[in-house]
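# Descriptive structure summary
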Amino acid sequence: MKTRRSGAVNLDRSCALAAVTLFSFLIPLNSSSINVALPRMARELSMDAVSMGWVPTAYILAAATLLLPLGRLADIYGRSRIFLLGAVVFTTSSLLLGLAPSARLVILLRVTQGAGSALAFATGIAILSLLYPAGERGKVLGINVAATYSGLSMGPFFGGILTEHLGWRSIFFVNVPIGLVIIGLSLWALKQKEPGAADREGFDFPGALIYCIALVLTMLGFSALPAPSGGVYLAGGALAMLLFWFWERKTRFPLLNVDLLGKNRVFVLSNAAALVNYSATFAVGFLFSLYLQHIRGLSPQGAGLVLVSQPLVQAILSPLAGRVSDRVEPRFVASAGMVITAVGLFLLASVKGETGMGFIVAYLAVLGLGFALFSSPNNNAIMSSVESGHYGIASSMLATMRFLGQMFSMAIAMILFGCYMGRVEIGPLHYPVLLRSVRIALLISGVLCTLGIYASFARGNLHGKGER
């Protein structure tokens, strides 16, 4: 009887791992596929350079804004139902995106798709951390990260083939059957009721509203720069974030436990390192998709083949890095990864119009090596530094740092496009300016990543400190 019950538990855990991992694969698959499709999409829907940047940015903004509130709701009401809702929202939004007739509707539906991603990312890692003990957590999170990078690695090539032969809309349609499988696995494996805190804790609606306003104003400010309105939005976002901090310190049931930030050095600096790393790296796929297709004249399929080198290296090495971080201090592995990432960014910033494709592939592979060494150990450090009752908020904080970093990374690209090109459709006359913008953006990212090495290394030791 005991063996049968243990087998059922193992089956549920395996199905839960499959559901979370498949979703972690699908979301970056879709995101990296869209990067390759953007030039075709922009031509068909008559988008200028800045509007084209809003296709990924609207998705990121929605996900970043909702992650923290949803993580808190998951801790209160249960992570499984929030995760399942995310799968339903993402799948439905993908179907509607494939049918969208205008640029405005595409951007609006990308917001909805981002909300579905937030529902999943706020809960996925928390579910795995709760199901698997500390000794296995690094391995399981490594598998999850490997799935993420497998999606990233397949996305450019897969998206290039779909865009070239079936059109950009097929990128969204392909999400639907995969999403249905995730929904089925979730209904099977996550059907049990979780212990929640709904009977004794409330949700901080005012704090959630202030937080969302702060992030929206910040992103609007970045997108509006260098216009004066950009500075106004940014100032409003800073004031809203300050108000959020003071509100969280006095409210009875805070959205974000500020003591978690004030007293847990590993948690704080690991999240800071994640923010810096994603801020420095996310826009690389977007920028090099434009570089390869506009300046080098590659097809979407050809651009995808080149771009696949970075996430492919990440996918192969992430499980190994996760296992290593179960035995070696995560800060050492992650900091080495941050150093290699900075080197890769500076190498990419040196690319010119005539740089050989072999060098570009090698530079992208260096970037992939650095990110693989950084990400799994960093995730392990974050989730292992808090008690199980905070897994939901820790998971959502990690995902929030990821999406905030992605948002800032895209903001750097959009600011440079706005300054150098303005709101124009990219044509041959703009190629020299496009190349200059790409190189400056990568140089800024390299400097940012170099500064982030301190946060990664200074977090302190995790093993043997009793912080699990």
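Residues numbered from 1 in each chain as written. Predicted model: local features only at pLDDT ≥ 70, side-chain atom pairs only at ≥ 80, totals over all residues. Heavy atoms only, no water.

Turning our eyes to something else, we now look at the overall build of the protein. For the protein, the count of helices and strands is 19 helices and zero strands. Buried positions account for 59% of the 468 residues belonging to the protein. For the protein, the accessible area works out to roughly 17800 Å², and carbon and sulfur atoms hold 69% of it. (Helix = DSSP H or I, 4+ residues; strand = E, 2+ residues; numbered from the N terminus. Buried < 20%, exposed > 50% of the residue type's maximum accessible area, 1.4 Å probe, protein only. Areas by Shrake-Rupley, 256 points an atom, 1.4 Å probe, with all protein chains shown as cover.)

Within the protein, residue pLDDT values average 80, and 86% of them lie at 70 or more. Across the protein, element-level confidence peaks in helix α7 (residues 170-173) with a mean pLDDT of 92 and bottoms out in helix α11 (residues 258-263) with 65. This model gives residues 195-199 a pLDDT under 50, and the stretch forms six contacts once residues within four places in sequence are excluded. Note on residues 464-468: pLDDT is under 50 here. Beyond four places in sequence and across chains, it has 13 contacts. (pLDDT = per-residue confidence, 0-100. Contact = heavy atoms within 4.5 Å.)

It is worth spelling out the packing of aromatic side chains at this point. Counting across every chain of the model gives eight aromatic pairs. Centroid distance F359 to Y363: 6.2 Å. Interplanar angle 45°. Geometry classified as tilted. One end of the pair is F359 and the other is Y363, both in helix α17 (residues 357-384) and four residues apart, which spans about a single turn. Take Y363: its relative accessible area is 15%, and that puts it in the buried class. In this structure an aromatic cluster arises from ring pairing among F23, F83 and F90. (Phe/Tyr/Trp six-rings, centres within 6.5 Å; stacked < 30°, edge-to-face > 60°.)

Among the structural elements, T163 can be located in helix α6 (residues 134-166). At a separation of 2.7 Å, a polar atom in the side chain of T163 contacts the main-chain carbonyl oxygen of G159. Filtering out sequence-adjacent residues up to four positions away, T163 remains in contact with A37, R40, W168, I171 and P300. (Polar contact = N/O pair within 3.5 Å; in protein donor to acceptor, adjacent residues only side chain to side chain.)

Here we take up a nonpolar patch on the surface. Taken together, the side chains of L320, V324, V328, F332 and F457 make up a nonpolar region of the molecular surface, amounting to roughly 400 Å² of accessible area. On the basis of relative accessible area, L320 is assigned to the partly exposed category, the value being 44%. (Patch = residues over 30% accessible without salt bridge, like charges linked within 9 Å, V, L, I, M, F, W, Y side chains within 5 Å. Salt bridge = Lys/Arg side-chain N within 4 Å of Asp/Glu carboxyl O.)

Attention now moves to the packing of helix α13 (residues 283-295) against α17. One can describe the packing of α13 onto α17 by two numbers: an axis separation of 13 Å at closest approach and a directional angle of 175°. The angle between the axes of α13 and α17 places the two elements in the roughly antiparallel class. Residues V284, F288, Y291 and L292 of α13 lie in contact with α17, whose contacting residues are M357, I360, L364 and L367. When grouped by side-chain class, the residues that make up the contact of α13 with α17 number eight nonpolar, no polar and no charged. (Axes fitted to C-alpha atoms, helices over the stretch in contact; angles between N-to-C directions. Parallel < 35°, antiparallel > 145°, perpendicular 65-115°, else oblique. Nonpolar A, V, L, I, M, F, W, Y, C, P; charged D, E, K, R; others polar.)

Looking now at the environment of L61. Within the secondary structure layout, L61 lies in helix α2 (residues 49-77). For L61, a relative accessible area of 11% gives the class buried. Separated by 347 residues in the primary sequence, L61 and F408 have C-alpha atoms spaced 9.8 Å apart.

Residues M41 and F288 are the most contacted members of the largest nonpolar core, which totals 126 residues. Sort the elements by how many residues they give to this core and α2 lands first, with 16 residues. Discounting chain neighbours no more than four positions away, the residues touching F288 are L307, L348, V351, I360, V438 and L442. (Core = buried A, V, L, I, M, F, W, Y, C linked by side-chain atoms within 4.5 Å.)

The next point concerns the environment of L185. Within the element layout of this structure, L185 appears in helix α8 (residues 175-189). Residues L185 and S14, 171 residues apart in the sequence, show an inter-C-alpha distance of 9.9 Å.

Note on backbone geometry: most residues besides glycine have negative phi, and most peptide bonds are trans. The backbone of S46 sits at a positive phi, close to 55°, despite the residue not being glycine. For S46, a relative accessible area of 54% gives the class exposed.

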